[in-house]
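If you want the building blocks of each chain, they are given just below.
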Amino acid sequence: MTSPPTGRGYLTHAFNHEGADYLRMAYCLALSLRLTQSAVTGLSVIVPRSQHLPDRYRQVFDHVIAIPDARPDFVNKHWRVDNYVRMYDLSPYRETVTVDADTLFFDDVSPWWEVMTSADLVGGTAVTYRGEPIEHNPLRKELYRIGLPDLHNGFCYFRRGPVAERLFATMSGYLEDWAGTCAHHFGNPRVPFSSDSAFLLAIRDNGLEDIAAGPCPGTPHFVHMKACVQGWPGVPESAREWRPHVSHAFDDQLRLHIGGFRIGAPFHYHVRDFITDDLLLAYETALEARHGAARG
């Protein structure tokens, strides 16, 4: 950090890899925040130093934070989830919400900030596209087995201070010996690293379960759209792609409808090609129209 953290804002990371354009997703996320939020609209993005940013991308981010493109050998090169442990140090905000780049906002969640600010740390709750609690996430079997809280960092609030600093320092320590961390907690040194697993282990190791659950259960929450968590029969336990199983469409106000349900919560869509050229253009056009109306 080159200047003291100030204000509130959202923070994501976007490391592109093998056709997965997370920077493009982060750009669309920034547009959706500006179109839908009445209070906190700013998004900062963490990128590798080698990443080229088109000028129109750079203009919508509060800050572009470039870091070395290095990773531990055991981290999946497709996801770069190790970057999450650095978000406390890298955040330009006094109050931060971390959000995955492959997310869109549709309803104004600004009132959540006034709820979250009464805590030092609040983890997100994941729901299906129907708005129902996820009864079983097959990707979290190891986490369930040792009783970790069912919270997520796909939407996570933290306020700068000793609680969040200790949490992220603990996660950073895990990276130095992930196999040993897994052997200690899971009895298995080969549990794959994920930012959620590190996040939840750090919550437990620091006795923060009650704090991280938040002052108002269910706030914040987001739609976790992996196919394997929707409760659909016959879906493989690792399935991410959800579009063959349910219809979806955007209306003329860029609101998303899936299987007859209008999506209101932040929407974690997961699939890499969800942001089409037409959809991105629609977001750009809508934001320009709003700016034009404000100038008029």
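A quick note: this is a predicted structure, and the numbers were derived from the prediction, not measured. (Residues numbered from 1 in each chain as written. Predicted model: local features only at pLDDT ≥ 70, side-chain atom pairs only at ≥ 80, totals over all residues. Heavy atoms only, no water.)

**A word on the pairing of strand E2 (residues 43-48)**
Operational definition: Throughout this description, buried means an accessible area under 20% of the type-specific maximum (1.4 Å probe, protein chains only), exposed means over 50%, and partly exposed covers the range between. Put simply, DSSP marks the helices as runs of H or I at least four residues long and the strands as runs of E at least two long, and each gets a number from the N terminus on. At least two bridges found by DSSP between two strands are what make those strands a pair. Place the viewer so that the strands point away; then a crossover is right-handed whenever the path from the first strand over the helix to the second strand goes clockwise.
With respect to burial, E2 is a largely interior element, 6 of its 6 residues being buried. Residues Leu-43, Val-45 and Val-47 line one face of E2 and the alternating positions Ser-44, Ile-46 and Pro-48 line the opposite face, and both faces are buried. Sheet topology places strand E1 (residues 8-13) next to E2; 4 bridges connect them, and they run parallel. Bridging across to E2, Tyr-10 finds its partner in Leu-43. Regarding topology, helix H1 (residues 22-36) serves as the crossover connection from E1 to the parallel E2, and that connection is right-handed. Here 4 bridges tie E2 to strand E3 (residues 64-67), and the two strands are oriented parallel to one another. Paired with Val-45 across the two strands is Val-64, which belongs to E3.

**Examining the sheet that holds E1**
For clarity, the cut-off: Should any heavy atoms of two residues lie within 4.5 Å, those residues are considered in contact. Helix axes use the C-alpha atoms of the stretch in contact, all axes being lines fitted to C-alpha atoms, and the angles between their N-to-C directions lie in the range 0 to 180 degrees.
Strand order in this open sheet of 9 strands is E3-E2-E1-E4-E7-E6-E8-E12-E5, and the pairing throughout is mixed. Both outer strands of the open sheet, E3 and strand E5 (103-104), are each paired with one neighbouring strand and no more. With 5 bridges connecting them, strand E4 (residues 95-99) and strand E7 (residues 152-159) associate as antiparallel partners. In the strand pairing of E7, Thr-98 is matched with Cys-156. Each of E1, E2, E4 and E5 is contacted by H1, which is oriented at about 175 degrees to E2, the strand it contacts most.

**Observations concerning the pattern of salt bridges**
Formally: The salt bridge criterion pairs a side-chain nitrogen of Lys or Arg with a carboxyl oxygen of Asp or Glu, the two atoms within 4 Å.
Throughout the structure, instances matching the rule amount to 15 salt bridges. Three or more residues are tied together by salt bridges with common partners; here these are Arg-8, Glu-95 and Glu-114.

**A few points about the packing of aromatic side chains**
Our working rule: In this scheme Phe, Tyr and Trp rings, the latter by its six-membered ring, pair at centre separations within 6.5 Å, and the angle between planes marks the pair as stacked below 30 degrees, edge-to-face above 60, and tilted otherwise.
This model, assessed by the stated rule, comprises 24 aromatic pairs. With 6.0 Å between their ring centres and 85 degrees between their planes, Trp-113 and Tyr-157 make a pair best called edge-to-face. Of this pair, Trp-113 sits in helix H4 (residues 110-116) while Tyr-157 is found in strand E7, placing the two residues 44 residues apart along the sequence. Ring centres 6.0 Å apart and planes at 55 degrees place the aromatic pair Phe-267 and Phe-274 in the tilted group. Overall, Phe-267 belongs to the buried group, its relative accessible area being 0%. The exposure class of Phe-274 is buried, given its relative accessible area of 5%. These aromatic residues form a ring-pair network of at least three members: Tyr-10, Phe-105, Trp-112, Trp-113, Phe-155 and Tyr-157.

**Some remarks on unusual backbone geometry**
In this model, Thr-219 is joined to Pro-220 through a cis peptide bond whose omega is 5 degrees. For Pro-220, the location among the structural elements is in the loop between helix H9 (209-212) and strand E8 (221-224). Unusually for a residue other than glycine, Leu-254 sits at a positive phi of about 60 degrees. With respect to the helices and strands, the residue Leu-254 is situated in the loop between strand E9 (248-250) and strand E10 (256-258). Of the residues examined, Leu-254 reaches a relative accessible area of 13% and is grouped as buried. The backbone of His-270 sits at a positive phi, close to 70 degrees, despite the residue not being glycine. Its place among the elements puts His-270 in the loop between strand E12 (267-268) and helix H10 (277-295).

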